[in-house]
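Structural overview for review
Spelled out from the first residue to the last, the chains are:
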Amino acid sequence: KSLAPLGITSHPRDISVIQDTEEVAEASCEFYDYPEVQAVVTWSTDSLEELDVTTAYVRENTAKSTVRIKLQTAGQFLLSCSVHYSHYGTVVSDSAFVFDPK
């Protein structure tokens, strides 16, 4: 049985936070996902911000994970997603740079 492609198809991009009533940054990562590989996505950051993650299929065999970060402190930090495929390994995205202009 041949293995369909695995990996990240759309990496999180650098983000500049939009000043609004509540300061929230949003980033997303798209990756291949199939019922038989059980992809698990994890977001990581070098900051202590609170992460709110949602993941949904956007088209056949492709899922999109979106993270919203409520910014607690001014400054900048890195954000990346990794996708773990059981029995195959983990793929790590490029890091996005999040800048909070507070």
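All of the points below concern the structure found in this document.

Rules used in this analysis
Residues numbered from 1 in each chain as written. Predicted model: local features only at pLDDT ≥ 70, side-chain atom pairs only at ≥ 80, totals over all residues. Heavy atoms only, no water. Phe/Tyr/Trp six-rings, centres within 6.5 Å; stacked < 30°, edge-to-face > 60°. Buried < 20%, exposed > 50% of the residue type's maximum accessible area, 1.4 Å probe, protein only. Pairing = 2+ DSSP bridges. Helix = DSSP H or I, 4+ residues; strand = E, 2+ residues; numbered from the N terminus. Axes fitted to C-alpha atoms, helices over the stretch in contact; angles between N-to-C directions. Disulfide = S-S within 2.5 Å. Salt bridge = Lys/Arg side-chain N within 4 Å of Asp/Glu carboxyl O.

Details of the packing of aromatic side chains
Think of a pair of aromatic rings as described by two things: how far the centres are apart, and how the planes are tilted against each other in angle. For the structure shown, the criterion picks out one aromatic pair. Ring geometry for Tyr32 and Tyr34: centres 6.5 Å apart, planes at 10°, overall stacked. With relative accessibility at 26%, the residue Tyr32 sits in the partly exposed group. Classification of Tyr34 by relative accessible area gives buried; the value is 6%.

Notes on the sheet that holds strand 1 (residues 8-10)
The strand order across the open sheet formed by four strands is 1-3-6-5, and the pairing between neighbours is antiparallel. Strands at the two margins of the open sheet, each flanked by one partner only, are strand 1 and strand 5 (50-59). Adjacent strand axes in the sheet meet at a mean angle of 30°, parallel and antiparallel pairs treated alike. By the bridge criterion, two bridges tie strand 1 to strand 3 (residues 24-32) in an arrangement that is antiparallel. For Ile8, the partnering residue across the bridge sits in strand 3 and is Phe31.

Some details on the environment of Glu60
For Glu60, the location among the structural elements is in the loop between strand 5 and strand 6 (62-70). Classification of Glu60 by relative accessible area gives exposed; the value is 71%. Between the C-alpha atom of Glu60 and that of Tyr34, which follows or precedes it by 26 residues, the distance is 8.6 Å.

Details of unusual backbone geometry
Phi is mostly negative for residues that are not glycine, and the peptide bonds are mostly trans. Within the chain, Gln38 stands out as a residue other than glycine whose phi angle is a positive 50°. Looking at the element boundaries, Gln38 is found in the loop between strand 3 and strand 4 (39-45). Given a relative accessible area of 52%, Gln38 falls into the exposed group. In the Ramachandran plot, His87 falls in the positive-phi region, its phi being about 75° despite a non-glycine side chain. Examined against the element boundaries, His87 turns out to sit in the loop between strand 7 (75-85) and strand 8 (89-92).

A short note on the state of the cysteines
Under the counting rule described, the total for this entry stands at one disulfide. Across the disulfide from Cys29 sits Cys81; the S-S distance is 2.1 Å. Here Cys29, found in strand 3, pairs with Cys81, found in strand 7; they are 52 residues apart in sequence, far enough to count as distant.

Some thoughts on the pattern of salt bridges
By the definition in use, this model includes two salt bridges. The salt bridge involving Glu26 is made with Arg68; its shortest N-O contact spans 2.8 Å. With Glu26 in strand 3 and Arg68 in strand 6, this pair connects stretches of sequence that are 42 residues apart. Salt-bridge contacts for Arg59 lead to Glu30; the nearest nitrogen and oxygen are separated by 2.7 Å. Residue Arg59 is located in strand 5, and its partner Glu30 is located in strand 3; the two are separated by 29 residues in the primary sequence. Given the relative accessible area of 47%, Arg59 is considered partly exposed. For Glu30, a relative accessible area of 14% gives the class buried.

That is the geometry; function is a separate question.
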